[in-house]
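The chain contents come next:
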Amino acid sequence: MGTTDSISVVVVTGLSGSGKSTALNVFEDLGYFCVDGLPAAMLPKLVTLFLGKDSKHRGLALGMDLRQHDFLDQWNDALQELSARGIFVRVLFVEAKDSTLMRRYATTRRPHPLESASLGLEQALTRERAMLSPLRKDAELVIDTSEYSIHDLRRMIQERFASTETSGHGMRVHVLSFGFKYGVPAEADLVFDLRFLPNPYFVPELRALSGKDQAVSDYVYKSEPGATFRQKLQAFLLYLLPLYAAEGRYRIALAVGCTGGRHRSVAMAEHLLATLRDSGYSVTVEHRHFDLG
């Protein structure tokens with residue numbers, strides 16, 4: 001890779017003990033060149049070095065050390081410099097519940113990086129969350145690994161980052177379907193509630209199907225109000241997304257929800273994926289609660 005049109009830059013960060021090193025190993029297996037412990041100020045320099053090589057790697061995956069006192073200024077400067085060169089950074093943030101992190105540290109018997117004689121583990125975790133909160137807000141994907149196995153984490157990263165269709169540049173759009181009864185995705189920038197649409201769950205011949213099946217999609221979106229709503233939502237997003245892009249946004253997460261996250265929202269997410277991709281956007285889709293609905 002030797003041009004800004006092909007390089008993919010992913011920053012992997014998050015709470016200590018939540019699985020950052022495991023995530024970097026997954027990226028390495030996916031063909032990324034990985035570096036851990038990188039100061040934010042070094043990000044543009046490393047990207048420049050990478051661009052100067054005829055690399056066979058898919059891109060760069062960087063575990064970034066952001067605990068220095070001025071990390072936020074360095075991070076913002078790095079993003080602005082790369083954005084001016086047409087290079088957009090994707091951020092993966094891994095975290096876990098405090099109880100989970102404390103149990104993991106007790107198991108490994110390793111100290112937390114912020115622990116000291118005057119700062120215990122629980123206080124160190126609280127301070128780290130506060131320090132990293134600005135970066136969490138910039139994240140394209142936030143993964144809570146509290147209930148995840150290594151295999152779950154690997155699958156989640158592969159689903160989002162393995163596809164070559166997501167390695168382009170410009171503003172990235174991630175479309176999520178979800179079920180309200182399981183909670184609204186924390187990373188969603190825009191949320192649309194589809195629970196006013198007819199529910200295939202109450203149609204016996206459709207209940208076992210999903211929004212990926214044409215019969216379900218037709219039931220919801222080929223009659224009113226679904227047909228008009230789908231048209232107006234797609235038109236609204238095609239109007240809105242260029243305005244976000246013009247303001248310098250480099251990623252946005254659109255969440256569409258129904259009750260269980262299996263029928264109406266899945267069908268809409270698939271429609272939006274096709275529409276936005278046809279309009280030239282770099283789009284990924286995730287059916288967050290598909291197997292729970």
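Rules used throughout
- Residues numbered from 1 in each chain as written.
- Predicted model: local features only at pLDDT ≥ 70, side-chain atom pairs only at ≥ 80, totals over all residues.
- Heavy atoms only, no water.
- Patch = residues over 30% accessible without salt bridge, like charges linked within 9 Å, V, L, I, M, F, W, Y side chains within 5 Å.
- Areas by Shrake-Rupley, 256 points an atom, 1.4 Å probe, with all protein chains shown as cover.
- Salt bridge = Lys/Arg side-chain N within 4 Å of Asp/Glu carboxyl O.
- Helix = DSSP H or I, 4+ residues; strand = E, 2+ residues; numbered from the N terminus.
- Buried < 20%, exposed > 50% of the residue type's maximum accessible area, 1.4 Å probe, protein only.
- Contact = heavy atoms within 4.5 Å.
- Phe/Tyr/Trp six-rings, centres within 6.5 Å; stacked < 30°, edge-to-face > 60°.
- Lys NZ or Arg CZ within 6 Å of the ring centre and 35° of its normal.

### Some words on a nonpolar patch on the surface
Working step 1: A cluster of nonpolar side chains, namely Phe-236, Tyr-239 and Leu-243, defines an oily patch on the protein surface of about 320 Å² accessible area.
Working step 2: Locating Phe-236 in the fold gives a position in helix α9 (residues 226–246).

### Description of the environment of Val-184
Working step 1: Tracing the backbone through its elements, the reader meets Val-184 in the loop between β6 (172–179) and β7 (190–193).
Working step 2: On the basis of relative accessibility, which here comes to 42%, the residue Val-184 falls in the partly exposed class.
Working step 3: Along the chain, Val-184 and Gly-257 lie 73 residues apart, while their C-alpha atoms are 7.8 Å from each other.
Working step 4: Contact partners of Val-184, with chain neighbours within four places excluded, come to Phe-178 and Val-191.

### Regarding the pattern of salt bridges
Working step 1: Taken as a whole and assessed by the stated rule, the structure comprises 7 salt bridges.
Working step 2: What you see here is one network of salt bridges that share partners, running through Glu-187, Glu-286 and Arg-288.

### Points about the packing of aromatic side chains
Working step 1: If you walk through the whole model with that rule in mind, you get 6 aromatic pairs.
Working step 2: On the basis of an interplanar angle of 80° and a centroid distance of 5.2 Å, the ring pair of Phe-27 and Tyr-32 is categorised as edge-to-face. Each member of the pair, Phe-27 together with Tyr-32, is buried.
Working step 3: Consider the rings of Phe-33 and Phe-50, whose centres lie 6.2 Å apart with planes at 40°: the pair is tilted. Here Phe-33, found in strand β2 (residues 32–39), pairs with Phe-50, found in helix α2 (residues 43–51); they are 17 residues apart in sequence, far enough to count as distant.
Working step 4: By relative accessible area, which is 35% here, Phe-33 ends up partly exposed.
Working step 5: Positioned above the aromatic ring of Phe-180 is the side chain of Arg-195, whose terminal nitrogen or guanidinium carbon lies 3.7 Å from the ring centre.
Working step 6: Taking the ring centre of Phe-290 as reference, the NZ or CZ of Lys-212 above it sits at 4.9 Å.

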